[in-house]
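Take a look at the letters that make up each chain.
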Amino acid sequence: MTQSVESSLGRILRARFDSFKKTFYFFTRSPIATIGLGVVIFYILVAIFGPVVLGGNPWKTTQILQFHGVYIYNVPQPPSIYFPFGTTFEGYNLFNGVVKAARIDVGVAAAVVLSGALIGTILGSIAGYKGGVVGEVIMRLTDIFLSIPFLVLAIAFLVILGRNLTIMVVALAIIWWPTYTRIVRGQVLSVRELKYVEASVAAGSSSIRTVMKHIIPNSIYPIFVQVSLDFGNVILTIAALFYLGVGFAGYYTPEWGNLIGLATDLGGGIPAVTQYWWTVTIPGLAILILVVSLNLLGDGLRDVTDPRLRR
Amino acid sequence: MKLYVYIIRRILLLIPVIIGVTVLTFFLSHANLTLLIDGYLGRIRTPAHIAIVKAELHLNMPVYAQYFYYLGNLFTGNWGYLAPTELFDAGTPVFVEFERRFPPTMELALLATALVLVMGLPLGVFSAVKKDRLTDQATRVLAMVGVSIPVFWLGILILIYFGPNSVLPFQLRLLGSGQIPPSYYYVPGTSILEPWVNTKVSGLTQPTGFLLIDTLYYGDVSAFLAGLYTLFWPALTVALTSFALVTRFLRSSMLEVMGQDYVRTARSKGVPEHFVIHKHVRRNALGATTTVMGLFFATLLSGVVVTETVFGWPGMGRWLFSAAIGGDMVSIMATTFIFTIIIVVANLIVDIIYSFLDPRVRLE
Amino acid sequence: MDEALVVKNLKTQFFIYDGVVKAIDDVSFTLRKGEVLGIVGETGCGKSVTAYSITRLIPDPPGRIVDGQIMMGNVNLLRNIRDEAKIILTKRPKIKHNYRLIRKNEYFYNKIRGKYISMIFQEPMAALNPVYTVEDQVAETLLLHNRTRMLKIIKSASEHLPDLERMKNEGKISVGYQDELGEELDKLSKANRGKESLTRHLNILIESGRHFSRSKEKYERMLKRSMENDELEDKLLGNTTEEEQEEIIKILSKESKKINLVKMSRQLKRRTRDPILLEARRESLYLLESVDIPNPYGILKAYPHELSGGMLQRVTIAIALANNPRILIADEPTTALDVTVQAQILQLLRNLQKDIGTSIILITHDLGVIAETCNRVAVMYAGNIVETATTDELYHNPKHPYTIGLLQSIPRVDNPTKNLKAIKGNVPNLINPPTGCRFHPRCPFAFDKCKVEKPETIEVSEGHTVACHLFHGKEVN
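Just so it is clear, the model here is predicted, and its values are computed rather than measured. (Residues numbered from 1 in each chain as written. Chains lettered and ligands numbered in written order. Predicted model: local features only at pLDDT ≥ 70, side-chain atom pairs only at ≥ 80, totals over all residues.)

Draft legend 1. Spatial organisation of the nonpolar core. Ala154 and Ile155 of chain A together with Ile361 of chain C are the most contacted members of the largest nonpolar core, which has 285 residues in total. Setting aside chain neighbours within four positions, we find Ile361 of chain C in contact with Leu31, Leu37, Ile39, Ala51, Ile327, Ile329 and Ala330 of chain C. (Core = buried A, V, L, I, M, F, W, Y, C linked by C-beta atoms within 7 Å. Buried ≥ 20, exposed ≤ 12 C-beta atoms within 10 Å, placed from the backbone. Contact = placed C-beta atoms within 7 Å.)

The structure is reproduced here in structure tokens:
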């Protein structure tokens, strides 16, 4: 028995790989989606290798007090050859900060989305497949969590339970899992009704085998789409949390939202920052480009995997 | 079934959700007891006083009993006290502060929702009808960028580039010029809105608390217009970052409906294309859009919180922000609860409207 | 003129990612007045596409009617079809649409659809819009195409109110008029559906007559404008020059925007005082009665999901025949229904046809339905018509190998055989169809010429045509 399960697993994986190749081919037909994918990969590389290349403490941006004899501590320098993105208040090198922030933003977002997707998928499978009271309870839970604006709940969690990395990841994961539960449950319910699944169950395959062989492969694609869309939303939320000042690891953490918040706080309010536009605009652009690319990626995936569209 | 029966059933279904939310807020508020006790202490912080507060909060009783007392407090408006602002002031009750902060947030949220509907619905219809043509592509790009922009960043950009010190030519300085200031720049003594914001000095009572309604009530049209203008920019910020959800979903919903058999029947009757879209397709597509409204409201309110902070709009979002910085837990719990209630009620309204549009829903 | 519709050299293609689907490849046939023409063939042979081509309901992208003529009377419905879009046949076919022309032709066709040519479809459960009542959807087609007649009826009713009251009290039609109202009353008395129905009809007539008199000028103007529009429409379908047609279409399209269907549907739901809407309701009631729906007055206010498949199909028939169209196209109307209901629907179609005189194109894959209902039959295979004949002739004297194969494959109770005879092979891929005669790979009689040259349509006896090389040289006159 185990032998047949293994070999059928192998067959499943190979079949999946082939269809994946076909999907990838169609995906690259769309230039916009490919650009999105490229940019996202670029960001991931920067996140992993950026801080290593730059050196220094990944949790702090480098401070530059003087430059060529000029005391620049309080006067942000515009972008130039020496400072590719310029500096912000208190002499922080913006380029340094933005690159190091990539790791934090991308890393935390990845942790959140992956754990949220995992929890959500598992709960969704249970809710869909077993149904009954357990299923209903799970769906009510999703209703509750989807009724609370995510930013508000995240703020509440962070203030009450403490402002550190773990709490942030846990809080955001708790906010984001319900979407996956809904998707997966929907998929499970519709796949369950399919005739070939009925046939498989009638032929005597166990629940786990049915789930693995039939249900999960069909649900994978919507989950991928949702993951890339959620990634963007989580990054926006993280940036907002840091901007509002409820982030973790200190006041000067390199994080895109935090950099913007630093600029407005240290600059004496938003109106005063006007002449130092790069301090605010550039970190924001970093966020914008990444999230747009993630959305393009997600849209491209959706267009390619939507069974209703003829490929 | 009859309409009112459906409404009652929908309301009954709300109750488990609300209970669930109260359980969540209960656990959150009791997770950090230091903060909780702080929220109910006044100015006096002797150990005896702390013991009194502890007893008042029934902290020595088992958890489920605490929950019931919590519920009692919640529904009677006993939400704790803010930290006293002046030396001999007793702290303001949180509920009173809530009454003060609620109308501005509702004004902002409602105007933002109105803007989203005015922008998003027609765009969704257009981009479905002119699929893959220029309007469609442009709309999709705009929507995508809109939903990818951090809300606070957009607000800051608007203030920077359209504000008085902008690096752009002065014609674009829409804010803070002349008589009409943006709310952020509220400088006492210089604006039309001064008597309204500084009611202690001017003595104007605000019957409803809604700036826009009150100005009309007193017939002060210029203040009304100034208020509207001030409200417009934060509302636009929120709207731009949340309309994409509605537009995208409406587009795909309309495309799906346009492929249905009954649309083909309508065409075969010779119904002009204009009415095929606006009579037959639209109602069905809008109905399906109501499923995404919950997520939309969550996005909207999150955006409201951040925008109020950036623009200095005196609503619950700003309150939440200062509470977060100051560790003021009771305010946080109050705002969380209210925001949730807002979303739940908004969902209910949307569902009821949906049941008007689609008679099949009432069968459930 | 004996013909209701003449289709000549119709070519419809679909331009998709994988290539060009040549769905309809040079199809020609004639529909005679008052007859039922059946189009029979397997799934995918192009019969539905033919129907949609005639009513121009082909989704564009990805489909296009590439060439052909459809003559209804003197008018070619597909004039300037080739100018509507330029097809560039590169590696991936690209189409450039001339949207202005397409829009103009759409206006033109919207006058034809629902009024001269109607359709009923296969899935009755999905054919009606679920968010509007039955009444709304039946009245819609009346309000689009039948305003003049309705206004005349109302006007006449407003002039004969005391008579109508008297007839209502008496419970029968006792007066005859020479105008449209008289026709309606005639129809009602002939239908003879009982006192309650008659009372209802008269009530509505009286009410709309009263409302008409109250705003006499407004409705008189409406009537005049409606009659002018009718004249323009008739001119459009006659022999006119390009410029005249453009002018007329411009005026008509402006006029059609004034008929606000959305507002009307809303008013129809409430207690409306608009006499046109009331008359539309009354005629909808009459139509539902004439398709034998039980409790027609109650069904008016019902929603589609409350009705069964058979009833819904009757409703769609009522809608299709509301304006007494010249041509009715029925696309597999009974395939989705139970066999007993099927018989009822077919009987209904035949009766209605006798009353109104509509010519019907009945599309089906069921040879039994053809035998029961049709006068003449056209057999389609892979986008071509391979044989046309009267029903009798076709069943007793089939000529084309495909027809013979089809007829042989039907299991027969009176002649039980052990093996079912199937036609070998499969339906061809229409992106790369077989060369020459598209049936040749499956034809037991195929020879060399069949692979190379597409067969012409040959008339082998009166009214019986075949497209097959076997009959080359055996034509009659």
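Draft legend 2. Focus on the interface of chain A and chain B. With 40 residues of chain A in contact, the opposing surface of chain B contributes 48 residues. For the side of chain A that touches chain B, the elements supplying multiple residues, two or more each, are α4 (132-146), α5 (150-161), α8 (207-244), α9 (256-266), α10 (270-273) and α11 (277-305) of chain A. The residue inventory of the side of chain A that touches chain B, partitioned by class, reads 29 nonpolar, nine polar and two charged. (Helix = DSSP H or I, 4+ residues; strand = E, 2+ residues; numbered from the N terminus. Nonpolar A, V, L, I, M, F, W, Y, C, P; charged D, E, K, R; others polar.)

Draft legend 3. Representation of helix α18 (residues 401-408) of chain C. When we look at burial in α18 of chain C, the residues that qualify are Pro401, Tyr402, Thr403 and Leu406 of chain C. Buried-residue contacts for α18 of chain C involve α16 (367-373), β11 (376-381), β12 (384-390) and α17 (391-396) of chain C.

Draft legend 4. The arrangement of the confidence of the model for chain C in detail. Per-residue confidence for chain C averages 85 on the pLDDT scale, and 98% of its residues sit at or above 70. Two numbers describe this predicted complex: its pTM, 0.83, and its ipTM, 0.86. (pLDDT = per-residue confidence, 0-100.)

Draft legend 5. Representation of unusual backbone geometry within the structure. Residue and element names in this part refer to chain C. Of note in the backbone geometry, Asn9 takes a positive phi value of approximately 50° without being a glycine. Locating Asn9 in the fold gives a position in strand β1 (residues 3-16). Asn9 sits in the exposed class, given 11 other C-beta atoms within 10 Å. Its identity is not glycine, yet Asn324 carries a phi of approximately 50°, on the positive side. If you trace the backbone, Asn324 turns up in the loop between α14 (309-321) and β9 (327-331).

Draft legend 6. Just the confidence of the model for chain A, in detail. For chain A, the average pLDDT comes to 78, and 75% of its residues sit at 70 or higher. The weakest mean pLDDT in chain A belongs to strand β1 (residues 66-67) of chain A at 60; the strongest belongs to α5 of chain A at 88.

Draft legend 7. Fine view of the interface of chain C and chain B. With 30 residues of chain C at the contact, the number on the chain B side is 24 residues. Listing elements by their share of the side of chain C that touches chain B, those giving two or more residues are α2 (99-112), β8 (117-120), α3 (124-127), α4 (134-145), α10 (242-258) and α11 (261-269) of chain C. Here the side of chain C that touches chain B gets four residues from one element, more than from any other, and that element is α4 of chain C.

Draft legend 8. Molecular detail of the sheet that holds strand β14 (residues 464-467) of chain C. Residues and elements named next belong to chain C. Taken together, the eight strands give an open sheet; going across it, the order is β8-β9-β10-β3-β11-β12-β14-β13, and neighbouring strands pair in mixed fashion. Only two strands of the sheet have a single neighbouring strand rather than two, namely β8 and β13 (457-461). On average, each strand axis in the sheet is tilted by 20° relative to the strand beside it, whichever way the strands run. In terms of strand pairing, strand β3 (residues 36-40) meets strand β10 (residues 359-364) through five bridges, oriented parallel. The residue bridging Val36 from the neighbouring strand is Ile360, located in β10. Of the strands in this sheet, β8 and β9 touch α14, which is tilted by about 175° from β8. (Pairing = 2+ DSSP bridges. Axes fitted to C-alpha atoms, helices over the stretch in contact; angles between N-to-C directions.)

Draft legend 9. A look at the environment of Arg326 of chain C. Residue and element names in this part refer to chain C. Mapping Arg326 onto the fold places it in the loop between α14 and β9. Under the C-beta neighbour-count criterion, Arg326 is labelled buried, with 20 such atoms within 10 Å. When the C-alpha positions of Arg326 and Gly114 are compared, they lie 10.0 Å apart, and in sequence the two are 212 residues distant. Apart from the residues lying within four places of it in its own chain, the contact partners of Arg326 are Ala4, Tyr116, Thr358 and Ser359.

Draft legend 10. Layout of the environment of Ser308 of chain C. Residue and element names in this part refer to chain C. Along the polypeptide, Ser308 turns up in the loop between α13 (296-300) and α14. Under the C-beta neighbour-count criterion, Ser308 is labelled partly exposed, with 13 such atoms within 10 Å. When the C-alpha atoms of Ser308 and Met150 are compared, they prove to be 30 Å apart, with 158 residues separating the residues in sequence.

Draft legend 11. Structural detail: the pairing of strand β4 (residues 63-72) of chain C. Residue and element names in this part refer to chain C. In this sheet, β4 lies alongside β1 in antiparallel orientation, the contact comprising seven bridges. When the bridges of β4 are listed, Lys8 appears paired with Gln69. Summarising the sheet, β4 and strand β5 (residues 75-76) pair through two bridges and their orientation is antiparallel. Looking across to β5, one finds that Met72 is bridged to Val75. The turn joining β4 and β5, which pair antiparallel and follow one another in sequence, is formed by two residues; a positive phi near 65° is taken by Gly73.

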